[in-house]
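Architecture and fold: a report
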Amino acid sequence: MAKSKLIKFNIKNVKYATKEELGTYSAPVDLAYANSLALEADYNEQKIYGDGQVIGILSDDKGKTGTLSVVDLNSDYEIACGRMMLVDGGIADIQQHASIEHAIYYEVDALKDGKPFTIKSWLFGCVTGKANESYQQTQDDPTVNTYNYPLTVMGVNLKASTGTEDYIDDNGNTVKVTRITSLPEDTGYATFGASVPTPKAKAGA
């Protein structure tokens, strides 16, 4: 098979959707203008030794951690995450008592074999902490301030093809899904960002 030339760049159109009481998601809304997204696998392995050799490996996959950097804070997002509230005379930063689980959507530009297209993704089981703020004085060139959210992506359980009960593999295990990515050739690509999809196994899997 010939190599394909795939280049990914840029991040855009970041949205979020919060979980409602029955476990369904609200309609996605804009989060902020994105500056960058960095994701790191929260994964470790422990080797088990016997008779001087490796006889097994225990894996510990807790999802992903990272940083979401935005150009400006979105007050609606901050309120939804319990970090801000409207008060008399303005809006206040408040003590955060809980981490509000939500889903985050983003798009990445791509170029494959000379053809441009957009890659669409949903992250599941997300929580963000208070954004780090940095303000700098403008000197010779204008300085753009950014806000960096510490991000944890815990994932959600994969559902069976019916979409109701959890998917169980041949060994009796549930499966966590941290991200679903949609490409132009995938079913539902055009409306992929309009609502949070339910991660489901394909029929017969």
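Let us look at the structure shown here. (Residues numbered from 1 in each chain as written. Predicted model: local features only at pLDDT ≥ 70, side-chain atom pairs only at ≥ 80, totals over all residues. Heavy atoms only, no water.)

**Quick look at the overall build of the chain**
For the chain, the helix and strand inventory stands at one helix and 13 strands. The linear arrangement of helices and strands in the chain, starting from the amino end, is β-β-β-β-α-β-β-β-β-β-β-β-β-β. Dimensions of the chain along its principal axes, counting C-alpha atoms only, are 65 × 45 × 45 Å. A fraction of 60% describes how many contacts in the chain between residues 6 or more apart in sequence connect residues 24 or more apart. By element, 49% of the accessible surface of the chain is carried by carbon and sulfur atoms, the whole surface being about 13400 Å². A gap of 8 Å separates the mean positions of the 19 positive and 27 negative side-chain charges of the chain. (Helix = DSSP H or I, 4+ residues; strand = E, 2+ residues; numbered from the N terminus. Contact = heavy atoms within 4.5 Å. Areas by Shrake-Rupley, 256 points an atom, 1.4 Å probe, with all protein chains shown as cover. Lys, Arg positive; Asp, Glu negative; His and termini not counted. Charge placed at Lys NZ, Arg CZ, Asp CG, Glu CD.)

**Looking at the packing of aromatic side chains**
This model, assessed by the stated rule, comprises three aromatic pairs. Measuring from centroid to centroid gives 4.8 Å for tyrosine 16 and tyrosine 77, while their planes differ by 65 degrees, and the two rings are edge-to-face. In this pair, tyrosine 16 is assigned in strand β1 (residues 6–18) and tyrosine 77 in helix α1 (residues 75–80), connecting sequence segments 61 residues apart. Exposure remark for tyrosine 77: the relative accessible area of 0% places this residue in the buried category. For the pair tyrosine 77 and tyrosine 149, a centre-to-centre distance of 5.5 Å together with 85 degrees between the ring planes defines the contact as edge-to-face. You can see tyrosine 77 sitting in helix α1 and its partner tyrosine 149 sitting in strand β10 (residues 147–153), a full 72 residues away along the chain. Ring pairs connect the aromatic residues Tyr16, Tyr77 and Tyr149, which therefore count as one cluster. (Phe/Tyr/Trp six-rings, centres within 6.5 Å; stacked < 30°, edge-to-face > 60°. Buried < 20%, exposed > 50% of the residue type's maximum accessible area, 1.4 Å probe, protein only.)

**Details of the side chain of serine 69**
Relative to the helices and strands, serine 69 is located in strand β4 (residues 53–70). By relative accessible area, serine 69 is classed as buried at 2%. Setting aside residues up to four positions removed in sequence, serine 69 forms contacts with Ala34, Asn35, Ser36, Thr146, Tyr147 and Asn148.

**Quick notes on the environment of tyrosine 33**
In this fold, tyrosine 33 is placed in the loop between β2 (29–32) and β3 (34–50). With relative accessibility at 72%, the residue tyrosine 33 sits in the exposed group. When the C-alpha atoms of tyrosine 33 and serine 69 are compared, they prove to be 8.9 Å apart, with 36 residues separating the residues in sequence.

**Description of the nonpolar core**
Ranked by internal contacts, the top residues of the largest apolar core, which has 19 residues, are Leu31, Val70, Tyr77, Ile104 and Leu123. Those elements that place two or more of their residues in this core are β1, β2, β4, β7 (102–112), β8 (115–128) and β10. Not counting the four nearest positions on each side in its chain, leucine 123 is found in contact with Leu39, His102, Ala103, Ile104, Tyr106, Leu151, Val153, Thr178 and Arg179. Within the second largest apolar cluster, 12 residues are counted, among which are Trp122, Phe124, Val156 and Phe192. (Core = buried A, V, L, I, M, F, W, Y, C linked by side-chain atoms within 4.5 Å.)

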